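Spelled out, the chains give:
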Amino acid sequence: MATDYKRPESVLVVIHTPDLQILLLERAKHPGYWQSVTGSREGNESFTDTAVREVAEETGLQISAAQLRVWPGENIYEIMTEWRHRYAPEVTHNRERVFSLCLPSVCDITLSPSEHRAWRWAPAAEAAAACFSASNREAILALPNISV
């Protein structure tokens, strides 16, 4: 795979509070596309290292790997047509690992303006309904069943 293509391996990090307020980010280039923290692995990063880096890049929150809850399994999904050009021509699917990060309370974050245009905290059901990604919706709805 050429080094200028994105790696089809990514993370999803659902940031939440103990009472299940969920942090959502609105994509800069796609108004109305709300999501949790996401991002692709780079270089020799582990999925956990990617999650820590993406949380810092997308929210400004400096966390350690020990603060993340690693979920079992992984999601395999078809890459949306509008984003396929970022990947090698034969790549059609992405492997996603899910993490959660429980913060003690809602807090302000610092967006990366090139990636996101807005942020908000929302109750789990509202947050799940707002997400454009099926795997993101499913992860938010599964939070009560994942020990935090």
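Since this is a predicted model, take the numbers as computed values, not measurements.

**Student:** Even after reading the chapter, I still don't get the overall build of the protein, so can you show me in this structure?
**Tutor:** Check the secondary structure of the protein and you find three helices and eight strands. A compact globule built from 148 residues should have a C-alpha radius of gyration of about 15 Å, and the protein, at 15 Å, falls within 12% of that. Seen through its C-alpha atoms, the protein measures out along the principal axes to roughly 45 × 30 × 25 Å. A buried classification covers 45% of the 148 residues belonging to the protein. In the form shown here, the protein has an accessible surface area of approximately 7,600 Å², with 52% of it arising from carbon and sulfur atoms. Side chains of the protein carry 14 positive and 19 negative charges; the gap between the two charge centres is 2 Å.

**Student:** Just checking my understanding: could you explain the layout of surface pockets for this structure?
**Tutor:** Gaps left between atoms are located by rolling a probe of water-molecule size over the structure's atoms. For the largest pocket, the calculated volume is near 880 Å³. Lining the largest pocket are 37 residues; nearest its centre among them are K6, R27, T38, W83 and R86. Listing elements by their share of the lining of the largest pocket, those giving two or more residues are β1 (9-16), β4 (37-40), α1 (47-59), β6 (75-78), β7 (93-102) and α3 (134-142). The class makeup of the residues in the lining of the largest pocket is 11 nonpolar, 13 polar and 13 charged.

**Student:** Would you take a moment to explain unusual backbone geometry for this structure?
**Tutor:** One can expect most non-glycine residues to show negative phi and most peptide bonds to be in trans. The phi dihedral of L20 is positive, around 60 degrees, even though this residue is not glycine. Here L20 lies in the loop between β1 and β2 (21-27). Look at L20 and you get partly exposed, because its relative accessible area is 21%.

**Student:** What is the right way to read the pattern of salt bridges from this model?
**Tutor:** Under the counting rule described, the total for this entry stands at 11 salt bridges. Of the charged contacts, one joins E9 and R95 as a salt bridge, the two residues approaching to 2.6 Å between their closest N and O atoms. Of this pair, E9 sits in strand β1 while R95 sits in strand β7, placing them 86 residues apart in sequence. The exposure class of E9 is buried, given its relative accessible area of 13%. Residue R95 is classed as partly exposed on the basis of its relative accessible area, which comes to 26%. A salt bridge links R97 to E74; its shortest N-O distance comes to 3.0 Å. With a gap of 23 residues between them, R97 in strand β7 and E74 in the loop between β5 (68-70) and β6 connect regions that are remote in the sequence. Residue classification places R97 among the partly exposed residues on the basis of a relative accessible area of 28%. For E74, a relative accessible area of 35% translates into the label partly exposed.

Conventions and cut-offs
Counting of residues starts from 1 at the beginning of each chain's written sequence and follows it residue by residue. Confidence filtering applies because this is a predicted model: local features only for residues at pLDDT of at least 70, side-chain atom pairs given and counted only at 80 or more, and all residues used for totals across whole chains, interfaces and linings. Values shown for side chains rest on all heavy atoms present in the structure; no hydrogens or waters enter the calculation. Secondary structure elements are taken from DSSP: a helix is a run of H or I of four residues or more, a strand is a run of E of two residues or more, and numbering for both begins at the N terminus. C-alpha atoms define the radius of gyration, and 2.2 Å times the number of residues to the power 0.38 defines the globule rule. Per-residue accessibility, obtained with a 1.4 Å probe over protein chains only, is compared with the maximum for each type, and a residue is labelled buried under 20%, exposed over 50%, and partly exposed between these values. Only the protein chains shown count as cover for residues, and the accessible areas themselves come from Shrake-Rupley with a 1.4 Å probe. By the counting scheme adopted, Arg and Lys are positive, Glu and Asp are negative, and His together with the chain ends is not counted. To locate a charge, take NZ of a lysine, CZ of an arginine, CG of an aspartate or CD of a glutamate. A cavity, in this analysis, means grid points on a 1 Å lattice covering only the protein atoms where a 1.4 Å probe fits yet has no way out; a pocket is instead an open set bounded by protein on both sides within 12 Å along at least five of seven lines, and a residue lines either one if it has an atom within 4 Å of a point. Grid points are joined across faces, edges and corners, and a volume is the space filled by probe spheres set on the points. Note on residue classes: Ala, Val, Leu, Ile, Met, Phe, Trp, Tyr, Cys and Pro are nonpolar, Asp, Glu, Lys and Arg are charged, and everything else, Gly too, is polar. Counted as salt bridges are all cases of a side-chain nitrogen of Lys or Arg within 4 Å of a carboxyl oxygen of Asp or Glu.

Any functional reading would require information beyond the geometric quantities listed.
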